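Survey of secondary and tertiary structure
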Amino acid sequence: MNRMASRLFQSIVPLMPVVVLAPVLVLSGGCHDGPMYALKHANPYFTMRQWKADEAIGVTDHKRREELQTLANSMYGMPAERQQTWTPHLEQIYENDPSAEMRRLAILAAGRSKDATTIDLVAKGLKDDNLKVRMEACRALGERSEERAAQLLASIAGESQDQDVRHAAIAALGKHPGEISNNSLKLALQDRDPATQDLVIETLRESTGKDLGNDPAEWIAALNGQSSEEPASGSMFR
């Protein structure tokens, strides 16, 4: 091998993994494995800088965010068995992706899944380093029917030091009529922060269909079953 050929070979060798990978990633448009191909088959754990460098190959972080948002939007209408096939993908994204937006979308999709095991993933989102992910986890728990979802929200509403997260939990509790939610909202009504009181009252208006004014004491009495008005069917009031 002459000197020029040797130099050419040396310059090509470092690029060989990229060349081999390129045909796989170019198929991310969906023809190879249907929708969400990029989300399932491209390495989802590159840094943002690495993804931008790979734009020419075809699969970018932007593409993956689009696909994950599409997945979350379609989760409600997806058969239960199909939802279950996505659970491990969502778990891998949440556990390994450096992008807070990807983790937030994974929590959003998990909250809409009928797979009972995804509540564990949503619960992890409550402890995420990113504020938006923690707030999304609260909203996601509002979409779940399990009692554990109400318990987790009540815990956040009572203990969180971050007002935004706490308020997200309070709003989500309005979708969980029952003793757990009642007790948590009664405590929140006793908060000295007017913004918190206003949020609880608005949450109760929406969840009960009743309007008892702006006095927290009136709402606490209703939650204690002391209201003289007839309770709305299916409301928190007993």
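Scope of this entry: the structure provided in the associated data block. (Residues numbered from 1 in each chain as written. Predicted model: local features only at pLDDT ≥ 70, side-chain atom pairs only at ≥ 80, totals over all residues. Heavy atoms only, no water.)

**With respect to the overall build of the chain**
- When helices and strands are tallied, the chain shows 14 helices and zero strands.
- Scanning the chain from its N terminus toward the C terminus, one meets helices and strands in the order α-α-α-α-α-α-α-α-α-α-α-α-α-α.
- Taking all 238 residues of the chain together, the buried fraction comes to 43%.
- Of the contacts formed within the chain by residues at least 6 apart in sequence, a portion of 58% connects residues at least 24 apart. (Helix = DSSP H or I, 4+ residues; strand = E, 2+ residues; numbered from the N terminus. Buried < 20%, exposed > 50% of the residue type's maximum accessible area, 1.4 Å probe, protein only. Contact = heavy atoms within 4.5 Å.)

**Remarks on the side chain of His-167**
- The residue His-167 is located in helix α11 (residues 163–173) in this model.
- When residues no more than four places from it in sequence are discounted, the contact partners of His-167 are Asp-193, Ala-195, Thr-196 and Leu-199.

**Observations concerning the nonpolar core**
- Core analysis: the biggest nonpolar cluster contains 49 residues, and Leu-68, Leu-90, Ile-107, Cys-138, Leu-141 and Leu-189 have the highest contact counts within it.
- Broken down by element, this core gets its largest block of residues, seven residues, from helix α7 (residues 100–111). (Core = buried A, V, L, I, M, F, W, Y, C linked by side-chain atoms within 4.5 Å.)

**Looking at helix α14 (residues 216–223)**
- Of all eight residues in α14, six are buried, a share of seventy percent or more.
- Within α14, burial applies to Pro-216, Trp-219, Ile-220, Ala-221, Ala-222 and Leu-223.
- Buried residues in α14 make contact with α12 (179–189) and α13 (194–208).
- The residue sitting at the N-terminus of α14 and contributing the capping side-chain oxygen is Asp-215; that oxygen lies 3.0 Å from the backbone nitrogen of Ala-217.
- Gly-225 sits one or two residues past α14 and shows a positive phi near 80°. (Polar contact = N/O pair within 3.5 Å; in protein donor to acceptor, adjacent residues only side chain to side chain.)

**Points about the packing of helix α8 (residues 118–125) against helix α9 (residues 131–142)**
- α9 packs onto α8 with a crossing angle of 140° between their chain directions and a minimal axis gap of 7 Å. Crossing handedness for the pair α8 and α9: left-handed. Mapping the contact onto sequence places Ile-119, Val-122 and Gly-125 in α8 and Val-133, Arg-134, Ala-137, Ala-140 and Leu-141 in α9.
- Considering only residue class, the contact of α8 with α9 consists of six nonpolar, one polar and one charged. (Axes fitted to C-alpha atoms, helices over the stretch in contact; angles between N-to-C directions. Left-handed = near helix turned anticlockwise from the far one by under 90°. Nonpolar A, V, L, I, M, F, W, Y, C, P; charged D, E, K, R; others polar.)

**A short note on the pattern of salt bridges**
- One pass over the structure, following the stated rule, counts 13 salt bridges.
- When the shortest N-O distance is used, the salt bridge between Glu-136 and Arg-139 registers 3.1 Å. Note that Glu-136 and Arg-139 are positioned in helix α9 at a spacing of three residues, about one turn of the helix.
- Relative accessible area serves as the criterion here: at 6%, Glu-136 is assigned to the buried category. (Salt bridge = Lys/Arg side-chain N within 4 Å of Asp/Glu carboxyl O.)

**Points about the environment of Leu-90**
- Tracing the sequence through the fold places Leu-90 in helix α6 (residues 80–96).
- We classify Leu-90 as buried; its relative accessible area is 2%.
- Remark: the alpha-carbon pair of Leu-90 and Thr-118, spanning 28 residues in sequence, is separated by 8.8 Å.
- Residues contacting Leu-90, with those up to four places away along its chain left out, are Leu-68, Leu-71, Met-75, Ala-106, Ala-109, Ala-110 and Leu-121.

**Focus: helix α5 (residues 61–74)**
- End to end, α5 covers 20 Å across 14 residues, agreeing with the expected 20 Å (1.5 Å per residue, within 8%).
- All of the buried residues in α5 are Asp-61, Arg-64, Glu-67, Leu-68, Leu-71 and Ala-72. Buried positions in α5, seen along its axis, are confined to an arc of 140° and lie on one side of it. (Expected span 1.5 Å × (residues − 1). Arc of directions from axis to C-beta.)

**Notes on the packing of α12 against α13**
- Taken N-terminus to C-terminus, the directions of α12 and α13 make an angle of 145°; their axes are 8 Å apart at the nearest point. In the crossing of α12 with α13, the sense of the turn from one axis to the other is left-handed. Contacts between α12 and α13 involve Leu-185, Ala-188 and Leu-189 from the first element and Thr-196, Gln-197, Val-200, Ile-201 and Leu-204 from the second.
- Grouping the constituent residues of the contact of α12 with α13 by class yields six nonpolar, two polar and no charged.

**Looking at the side chain of Glu-136**
- A polar contact is formed between the side chain of Glu-136 and the side chain of Arg-104, at a distance of 2.6 Å.
- Dropping the residues within four chain positions of it, Glu-136 is found in contact with Arg-104, Ile-107 and Leu-108.

**So, the environment of Lys-114**
- By the element assignment, Lys-114 lies in the loop between α7 and α8.
- What makes Lys-114 exposed here is its relative accessible area of 54%.
- Counting along the chain gives 35 residues from Lys-114 to Pro-79, while the straight-line C-alpha distance between them is 8.8 Å.

Interpretation in functional terms is not warranted from these geometric data alone.
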